[in-house]
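# Remarks on the overall topology
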Amino acid sequence: AMGGNHTQPRFILLGITDAPWAQAPLFGLFLLIYVITLAGNIGLIVLVWVAPSLHTPMYFFLTHFALADICYSTVISPKMLTDLLFGNKTISWAGCVTQFHLFALFVTAECYLLAAMAYDRHVAICHPLTYVLVVSPRACWQLVACSYLVACLSALIYTGCTFGGSFCGPRRVDHFFCDTVPVLRLACSDTRGSEVAIFALAAANGLGTGAVILLSYGRILHAVLRMRSAPGRARAFRTCTSHLVSVSVFYGSLFFMYLQPASRHGSRDKVASVFYTVVSPMLNPFIYSLRNTEVKAALGKCRRRVLNLC
């Protein structure tokens, strides 16, 4: 086996499909999704920033979540779009490593931010009297910092395990971005140790944060069902169901991708990947904010302020 890192300077991304007729429609579709993703998430961050009524822990976490959405869709989408448009599907060794590392970092951070958001909702609904003390601004910053710290360490391990071996023979990555499963297939050294390490870490991150989310929403559901006021119950249900829809799409596709044995991976992987790399970041700002009375009120205020200026 050749020491791949230096003798193999480039990879070729095979993309979503090699059908020539599909490239232009897919380019149009994914460009539209990426523009909506950027507009929705940047819009949400700006709105929270300018509206004092949204300066609460829930929206603090939501802005970081939106930022992670912007970052990891930007790690994936522009390269995918240029590949679809120009058909130039090569990516340098360094580009491939960087793309995967940043992708792993922001996706892992999202898992922990989702857990922080679920914990925030749990304290708000189940322990409203101690909420201000428990979810203080300092606690919020600590939770976000911890999310990124764990994500950085995890991404280093994922990247080391994925690209640490040697690569020989065809460097054709059967995917639209550098992901661990298609890249490990190209290694000519034994990858079983790396696969086990990646699986164990992905399981720890995914199942750990998933358990926090499920426990939080379980407790919330219990508290909501015991509420006396019907409007309060309806409002809490609305908030929680929209959050759970987003969590289900994100975790469902992630678990499908990373918590199954390598031999089971096939063409459906690309469909699952499209969900959490492209569709989920687009839907999140709408799921979390449009059905939300506070966001609608803040939007109305901003619109009136802008119209008064004109």
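Anyway, here's the lowdown on the structure attached to this text. (Residues numbered from 1 in each chain as written. Predicted model: local features only at pLDDT ≥ 70, side-chain atom pairs only at ≥ 80, totals over all residues. Heavy atoms only, no water.)

## Focus on a nonpolar patch on the surface
Taken together, the side chains of Tyr 119, Leu 133, Val 134, Leu 143 and Val 212 make up a nonpolar region of the molecular surface, amounting to roughly 420 Å² of accessible area. Residue classification places Tyr 119 among the partly exposed positions, given a relative accessible area of 34%. (Patch = residues over 30% accessible without salt bridge, like charges linked within 9 Å, V, L, I, M, F, W, Y side chains within 5 Å. Areas by Shrake-Rupley, 256 points an atom, 1.4 Å probe, with all protein chains shown as cover. Salt bridge = Lys/Arg side-chain N within 4 Å of Asp/Glu carboxyl O. Buried < 20%, exposed > 50% of the residue type's maximum accessible area, 1.4 Å probe, protein only.)

## Concerning the packing of aromatic side chains
Inspection of the entire model under this criterion finds 13 aromatic pairs. Where Phe 11 meets Phe 167, the ring centres are 5.8 Å apart and the plane angle is 80 degrees; that geometry is what we call edge-to-face. One end of the pair, Phe 11, is in strand S1 (residues 10–13); the other, Phe 167, is in the loop between helix H6 (137–163) and strand S3 (172–173), and 156 residues separate them in sequence. The class for Phe 11 is buried, based on a relative accessible area of 0%. Centre to centre, the rings of Tyr 251 and Phe 255 are 5.5 Å apart; their planes meet at 75 degrees, and the pair counts as edge-to-face. Within this pair, Tyr 251 and its partner Phe 255 are both found in helix H9 (residues 230–258), separated by four residues, close to a single helical turn. The partly exposed category is assigned to Phe 255, whose relative accessible area is 29%. Clustering of aromatic rings is evident, with ring pairs tying together Phe 11, Trp 93, Phe 100, Phe 163 and Phe 167. (Phe/Tyr/Trp six-rings, centres within 6.5 Å; stacked < 30°, edge-to-face > 60°. Helix = DSSP H or I, 4+ residues; strand = E, 2+ residues; numbered from the N terminus.)

## Side note on the layout of surface pockets
Considering only enclosed or pocket space, the largest pocket measures out at about 520 Å³ in volume. As for the largest pocket, its lining consists of 21 residues, and the residues nearest its centre are Met 58, Arg 121, Arg 235, Thr 239 and Glu 294. Of all the secondary-structure elements, those providing two or more residues to the lining of the largest pocket are helix H3 (57–86), helix H4 (93–126), H9, helix H10 (268–289) and helix H11 (293–309). For the lining of the largest pocket, the leading source of residues is H9, giving seven residues. Broken down by class, the residue content of the lining of the largest pocket amounts to nine nonpolar, seven polar and five charged. (1 Å grid on protein atoms, 1.4 Å probe; cavity = no way out; pocket = protein on both sides within 12 Å on 5 of 7 lines; lining within 4 Å. Points joined across faces, edges and corners; volume = space filled by probe spheres on them. Nonpolar A, V, L, I, M, F, W, Y, C, P; charged D, E, K, R; others polar.)

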